[in-house]
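# Overview (structure and organization)
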Amino acid sequence: MDATTVYAISSGALVAFWTFITFGFTIFRLLYSYFAAYLSRYILHHQLPRLLRRHTSATRLDLLLLCTYVAGNVTAIFADGSTLEGVERRTGHLALINLIPIGLIGRPNVLVNSGRILYSMQARFHKWIGMMVLAHSTTHSAIALCRNQRSLPGLIAGAGLIGLCIFMTRIFRQLAFEAARSFHIAVAITVFTALFVHAFVARRPKIYLIVSISLWVISLVLRGARIVYRSIGARAYILGYEEDDDVIQIAVDFKRPWKFGPGQYVYLTIPGISSTAVLQSHPFALAWWDQLHRRAFFLAAPRKGFTRNLLLHRSGRISRIGNYNTATGLIGAPTTIESPYVDLKRIATPLRAMIEGPYGQFKDLGSYGTVLMIATGLGIVGHLSYIKYLLEAHRNRQIRTQRICLYWQMSKGEHRHWVSRWMSELMKSDARHVLRTHMFITNSTPPHSRNDAPGKHEALTVQWTHADFPALIQSEVNRKQGDIVITVCADCKTKSAVYKKVGRMACEGVQLEELDFEL
């Protein structure tokens, strides 16, 4: 073959290869866009019926993961035969194997947080694995009893697992959350001890238990170290709102450096509010922060136990902002706290605080041209930190976002004052009019004098009606700028309506993100 033939073959091969790659990539993009829209519409954003998902926002993806998990365990039981002796041995082993991750995901920690697992998904995994451990241990115990193989430690462990599942149901957690959680921890320790005694003579089960206990101890040590580090010099100030006991504000000053950011939450303990408070630790989402003065702000709804004691120990009050006759109540400066950087010692009593965290996953909302935020009640907390971050990044030209639209529905007009000071700061810093805020008040009558759009631009409106979120979503999608992402932090009814609407719009490039914050 002469040189010209080699050149012709080589050139033809290169052209053919380039054509194949180009058409192949085009076909791949078409298939990906089709299947991505299909997955988004029928799996990712399609919620399960209320009877199955209960009070969660579980989708078909969760059901698919659960079915895969169950199928894997069932296969492991019967893959090597179905004799009673073999099933008894394998169910016992599988119960111990499933205990290995359950200690890690029982509560947020450094190991789980680095894996970018959301709080809600972590809670689901913990529940699923716990039920699987119960199923394996029940089967193992039943077969052992049928074969007249009784073991007191094994029976104690089995009874403990049943008690764990019963007393951590929603009804018991609502009646006495603190008591149920303390009972859960105490019984879990008893179960591990009984299992270790029960499996002491067997080599493989003992290894599984040692691994499980070791990982649990490592997570406890890491948590303890973070608590000690964050809590040195930390002081909390409990502030109430004038004529409003539905929410309290907690301001915490830190001595240790902390890079505040959106999507973060911490576990907070304030020993001074009750005799048992040192044993009580509750998660709170970061609502606002002052990076310069190392101050973080949290909002909490008083219910029972820890949060009710917070309400009783408030030592300062936040007055309404400006003239209440205006529709927004967002004009002027606070009469009790002049700015976010005031010395709170002049207003409230400092209390020693213990902090665990921060945890949480950052969502890159700045890669979308339009960000649509939907909140109800205290769900506004989940969005505030992202609005603060997006506006600052937009001023520095670090993101693509050109429009931020917040729809916030609340039951009382007074609830606007929960975040009025921070909203005022956001509006003042929004020189390019990126942010639009729309409030919906459901159980209040409008004042006689109202101004729905304060300021120099129509950045905020107030309506005394229920929000039609599906219609609002459709309206925003029709006039979106670039890609659009919808973030939701709301009650179950609103989340269901949003999921259903977004599922129908999957082909229009709409992305849905549920913020890592539970009401």
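Computed from a predicted model, the values in this text were never measured in an experiment.

With that out of the way, let us pick up the overall build of the protein. Helix and strand content of the protein: 15 helices and 14 strands. A separation threshold of at least 6 residues defines the contact pool for the protein, and within that pool the share at least 24 residues apart is 73%. When the accessible area of the protein is evaluated, it comes to approximately 26100 Å², of which 62% is carbon and sulfur surface.

Here we take up the nonpolar core. Within the largest apolar cluster, 53 residues are counted, with the highest numbers of intra-cluster contacts made by Leu299, Met373, Trp408, Trp418, Val419, Trp422 and Leu426. Top contributing element to this core by residue count: helix H12 (residues 380–395), with eight residues. With residues up to four places along the chain from it excluded, the contact list for leucine 426 reads Trp288, Leu384, Ile387, Lys388, Leu391 and Leu435.

Right, let's get into the side chain of histidine 415. Looking at the element boundaries, histidine 415 is found in the loop between strand E10 (403–410) and helix H13 (420–429). With a relative accessible area of 5%, histidine 415 lands in the buried category.

Attention now moves to the environment of tryptophan 216. Within the element layout of this structure, tryptophan 216 appears in helix H10 (residues 203–231). Residue classification places tryptophan 216 among the partly exposed residues on the basis of a relative accessible area of 29%. Each C-alpha atom, one on tryptophan 216 and one on isoleucine 105, is 9.5 Å from the other, the two residues being 111 residues apart in sequence. Tryptophan 216 has contacts with Gly103 and Ile189, leaving out every residue within four places of it along the chain.

To continue, consider the sheet that holds strand E11 (residues 435–441). Taking strand neighbours across the sheet as the criterion, the six strands line up as E12-E11-E10-E9-E13-E14 in an open arrangement whose pairing is parallel. The two strands at the open ends of the sheet, each matched to only one other strand, are strand E12 (460–463) and strand E14 (510–514). When strand polarity is set aside, the average angle formed by the axes of neighbouring strands in this sheet is 15 degrees. The sheet contact formed by E11 and E12 spans four bridges and is parallel. Bridge pairing in E12 links threonine 437 to leucine 460. Strands strand E9 (370–376), strand E13 (484–489) and E14 of the sheet are contacted by helix H15 (residues 492–504), whose axis makes an angle of about 155 degrees with E14.

As a further point, take a positive patch on the surface. A cluster of basic residues, Arg235, Lys255, Arg294, Lys345 and Arg352, forms a positive patch on the protein surface. Here lysine 255 is to be found in the loop between strand E2 (244–253) and strand E3 (265–269). Since its relative accessible area comes to 57%, lysine 255 is described here as exposed.

Taking a probe equal in size to a water molecule and rolling it over the atoms shows the remaining empty space. This model, assessed by the stated rule, comprises four cavities of 30 Å³ or more. Size it by volume and the largest cavity reaches roughly 100 Å³. If you go around the largest cavity, you meet 14 residues; those closest to its centre are Gly263, Gln264, Gly382, Tyr386 and Asp516. The leading source of residues in the lining of the largest cavity is H12, at four residues.

Now for helix H7 (residues 152–167). An α-helix turns once every 3.6 residues. As a result, residues three or four positions apart point the same way. Taking 1.5 Å of rise per residue, the 16 residues of H7 would be expected to cover 22 Å, and the 22 Å separating its terminal C-alpha atoms lies within 8% of that figure. Within H7, burial applies to Gly154, Ala157, Gly158, Gly160, Leu161, Gly163 and Leu164.

Glancing now at the pairing of E2. The buried fraction of E2 is high, at eight of 10 residues. Taken together, the six bridges between strand E1 (residues 235–241) and E2 define a ladder with antiparallel strand orientation. In the sheet register, leucine 239 faces E2, and the bridge partner there is glutamine 249. With antiparallel pairing between neighbouring strands as the criterion, E1 and E2 make up a hairpin whose turn holds two residues, including glutamate 243 at a positive phi of roughly 55 degrees. Alignment of E2 against strand E5 (residues 295–300), held across six bridges, turns out to be antiparallel. Looking at E5, one finds that aspartate 253 is bridged to arginine 295.

Right, let's talk about the packing of aromatic side chains for a bit. This model, assessed by the stated rule, comprises 14 aromatic pairs. Chaining the aromatic ring pairs together yields one cluster made of Phe254, Trp258 and Phe260. It is lysine 388 that lies over the ring of tryptophan 288; its NZ or CZ is 4.2 Å from the centre.

What follows covers unusual backbone geometry. The bulk of non-glycine residues show a negative phi, and the bulk of peptide bonds are trans. Following glycine 357, the chain continues to proline 358 via a peptide bond in cis, the omega torsion being 5 degrees. With respect to the element layout, proline 358 can be found in strand E8 (residues 354–359). Even without a glycine there, the phi angle at asparagine 148 is positive, about 60 degrees. Structurally, asparagine 148 can be placed in the loop between helix H6 (119–146) and H7. Judged by relative accessible area, asparagine 148 falls into the exposed class, the value being 59%. Even without glycine at this site, arginine 294 takes up a positive phi of about 55 degrees. Among the structural elements, arginine 294 can be located in the loop between strand E4 (282–290) and E5.

With their axes 8 Å apart at the nearest point, helix H4 (residues 84–102) and H10 run at an angle of 15 degrees to one another. The orientation of H4 relative to H10 falls into the category roughly parallel. Judged by the twist between their axes, the crossing of H4 over H10 is left-handed. The residues of H10 that touch H4, namely those facing His93, Leu96, Ile97, Leu99 and Ile100, are Arg204, Pro205, Tyr208, Leu209, Val211, Ser212 and Leu215. Its residues placed into classes, the contact of H4 with H10 shows nine nonpolar, two polar and one charged.

Between its first and last C-alpha atoms helix H3 (residues 60–78) spans 27 Å; for 19 residues at 1.5 Å apiece the expected length is 27 Å, and the two agree. Those residues of H3 that fall on the buried side of the exposure criterion are Asp62, Asn73 and Ile77. Taken down its axis, H3 places every buried residue within 50 degrees of arc, on the same side. Facing away from the buried side of H3, by more than 90 degrees, are the exposed residues Thr68 and Thr75. Residues of H3 that are buried sit in contact with H4 and H6.

Scoring rules and cut-offs
- Residues numbered from 1 in each chain as written.
- Predicted model: local features only at pLDDT ≥ 70, side-chain atom pairs only at ≥ 80, totals over all residues.
- Heavy atoms only, no water.
- Helix = DSSP H or I, 4+ residues; strand = E, 2+ residues; numbered from the N terminus.
- Contact = heavy atoms within 4.5 Å.
- Areas by Shrake-Rupley, 256 points an atom, 1.4 Å probe, with all protein chains shown as cover.
- Core = buried A, V, L, I, M, F, W, Y, C linked by side-chain atoms within 4.5 Å.
- Buried < 20%, exposed > 50% of the residue type's maximum accessible area, 1.4 Å probe, protein only.
- Pairing = 2+ DSSP bridges.
- Axes fitted to C-alpha atoms, helices over the stretch in contact; angles between N-to-C directions.
- Patch = residues over 30% accessible without salt bridge, like charges linked within 9 Å, V, L, I, M, F, W, Y side chains within 5 Å.
- Salt bridge = Lys/Arg side-chain N within 4 Å of Asp/Glu carboxyl O.
- Lys, Arg positive; Asp, Glu negative; His and termini not counted.
- Charge placed at Lys NZ, Arg CZ, Asp CG, Glu CD.
- 1 Å grid on protein atoms, 1.4 Å probe; cavity = no way out; pocket = protein on both sides within 12 Å on 5 of 7 lines; lining within 4 Å.
- Points joined across faces, edges and corners; volume = space filled by probe spheres on them.
- Expected span 1.5 Å × (residues − 1).
- Phe/Tyr/Trp six-rings, centres within 6.5 Å; stacked < 30°, edge-to-face > 60°.
- Lys NZ or Arg CZ within 6 Å of the ring centre and 35° of its normal.
- Parallel < 35°, antiparallel > 145°, perpendicular 65-115°, else oblique.
- Left-handed = near helix turned anticlockwise from the far one by under 90°.
- Nonpolar A, V, L, I, M, F, W, Y, C, P; charged D, E, K, R; others polar.
- Arc of directions from axis to C-beta.

Keep in mind these numbers describe shape, not what the thing actually does.
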